[in-house]
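# Report on the structure
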Amino acid sequence: MQLSARLSSRARSVKPLVLYCRTYSTSLPRPYRFHIGTSFAAKPWGSKKAKFPASTEISEWAKKQFGNKKFIKTTKDAGEDAFFVQEMKNKSGIALGVADGVGGWADSGVDPGVFSQALMFHAHKYAQRAWAGESDGIPETEEEETSSTWELPPEECLSLAYQAVLREKLVPCGSSTALTATLNARSGLMRTANLGDSGYLIIRNSNVIYTQQPQTHYFNCPRQLSKFPPKMKNDGLIMDFPEDADLHSVKLRHSDVVLFYTDGVSDNVWPQELAEIVSTILRQGGSEQNQVQLIADNIIHYTRQCMARQNKVSPFESYASQEGLVHPGGKVDDATVICCMVSEGVDEAEPTPIVG
């Protein structure tokens, strides 16, 4: 048995589910501010059941993440996808991430979104107690002084979250891809750790200057973090580890736009199409908060349109063709995007905090 996201032949049209805009900006003297918009849409036939008992901390966190939708509901969340956006200690920056639960677990009666949601939940918990870079002052407690999360690189955030999922009793088994990132409000440095086929791209002056490449074992089988029940033998099963993630760092500039996404977006929309959506919204003007949310919403709306089209060559169709397979048009999947716009050296009103 090899767990991988299964290709569905059911292409349907559905209005996107959208999370309200969460904006983070730092107060001076930190020179960088990050404006965040998020949007997501679940597959129309996804599970409508809550993934965790209502009384649990994970369930309460999930309600904040997915509970304010402006469009028609089809599921209670982003399906098998999950994400987080978290202000880090002392407004030193933000941490964020996206994860895509591996759909093959559905064959065993396991909701693939349980693992991905738990992974993002624990990542947010570690991020909120840590610094995006070097701290501004002395540790508040002895525990902080010796804590490995005093400064939290994204790869360490991913590793700590994964270990927490392995201990999590509410997650019996599952697998997920994962992308985590930290954005430093003092230096503008963005660091990322990516395992699997989620990804991100950076748009500067309307041009895509960087695209994170996916990690796969073979076609349609991404690298993935996994948790297996004791009764399952590991022979032949896909199992990767946080240290297998690709690491990257880049200093961001004023007006840069970074898009983080699951493969539901990147399998259906080409990078240049994403850049065109961004450029179109930015030309319309308006506040950064409104712009990032409009970008995120329009990307998910366009992604859903592309999923249902068989007369448009999609990235997934191109990948399949390289393997000698025929798959016309888009691929129906859960889709999540986080849009981040960078402002540098602009003194604005008191920021609206992100409460993860």
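Placed above this text is the structure.
Residues numbered from 1 in each chain as written. Predicted model: local features only at pLDDT ≥ 70, side-chain atom pairs only at ≥ 80, totals over all residues. Heavy atoms only, no water.

### A look at the overall build of the chain
- Scanning the chain from N- to C-terminus turns up eight helices and 13 strands.
- The proportion of buried residues among the 356 residues of the chain is 58%.
- Put simply, of all contacts in the chain between residues at least 6 apart along the chain, 76% involve residues at least 24 apart.
- If you sum the accessible surface of the chain, you get close to 14,900 Å²; carbon and sulfur atoms cover 50% of it. (Helix = DSSP H or I, 4+ residues; strand = E, 2+ residues; numbered from the N terminus. Buried < 20%, exposed > 50% of the residue type's maximum accessible area, 1.4 Å probe, protein only. Contact = heavy atoms within 4.5 Å. Areas by Shrake-Rupley, 256 points an atom, 1.4 Å probe, with all protein chains shown as cover.)

### A few points about helix 8 (residues 315-322)
- Of all the residues in helix 8, the buried ones are Pro315, Phe316 and Ala320. Across the axial projection of helix 8, the buried residues extend over an arc of 135 degrees, all falling on one side. For helix 8, the exposed residues lying more than 90 degrees away from the buried face are Ser321 and Gln322.
- Each element contacted by the buried residues of helix 8 is listed here: helix 5 (263-266). (Arc of directions from axis to C-beta.)

### Considerations on the packing of aromatic side chains
- With the rule as written, the count across this model stands at six aromatic pairs.
- For the pair Phe40 and Phe83, a centre-to-centre distance of 6.0 Å together with 40 degrees between the ring planes defines the contact as tilted. Of this pair, Phe40 sits in strand 1 (residues 32-41) while Phe83 sits in strand 2 (residues 81-87), and the two are 43 residues apart along the sequence.
- In this structure Phe83 comes out as buried when scored by relative accessible area, which is 1%. (Phe/Tyr/Trp six-rings, centres within 6.5 Å; stacked < 30°, edge-to-face > 60°.)

### Re the environment of Leu237
- Counting through the fold element by element, Leu237 comes out in the loop between strand 10 (225-227) and strand 11 (246-251).
- With relative accessibility at 13%, the residue Leu237 sits in the buried group.
- When the C-alpha positions of Leu237 and Ser226 are compared, they lie 9.3 Å apart, and in sequence the two are eleven residues distant.

### Examining the pairing of strand 13 (residues 335-344)
- Among the ten residues in strand 13, nine count as buried, and that is most of the element.
- Here ten bridges tie strand 1 to strand 13, and the two strands are oriented antiparallel to one another. From the neighbouring strand, Arg33 faces strand 13, where its bridge partner is Ser343. (Pairing = 2+ DSSP bridges.)

### Focus on the pairing of strand 6 (residues 199-204)
- Burial analysis of strand 6 places six of its six residues in the buried class, the great majority of the element.
- Alternating positions in strand 6 separate into two faces, Gly199, Leu201 and Ile203 on one and Tyr200, Ile202 and Arg204 on the other, with burial throughout.
- Looking at chain direction, strand 6 and strand 12 (residues 257-261) are connected through five bridges and run antiparallel. The partner of Ile202 across the bridge, within strand 12, is Val258.
- In this structure, the hairpin formed by strand 6 and strand 7 (residues 207-211) is closed by a connection of two residues, where Asn205 is found at a positive phi of approximately 55 degrees.

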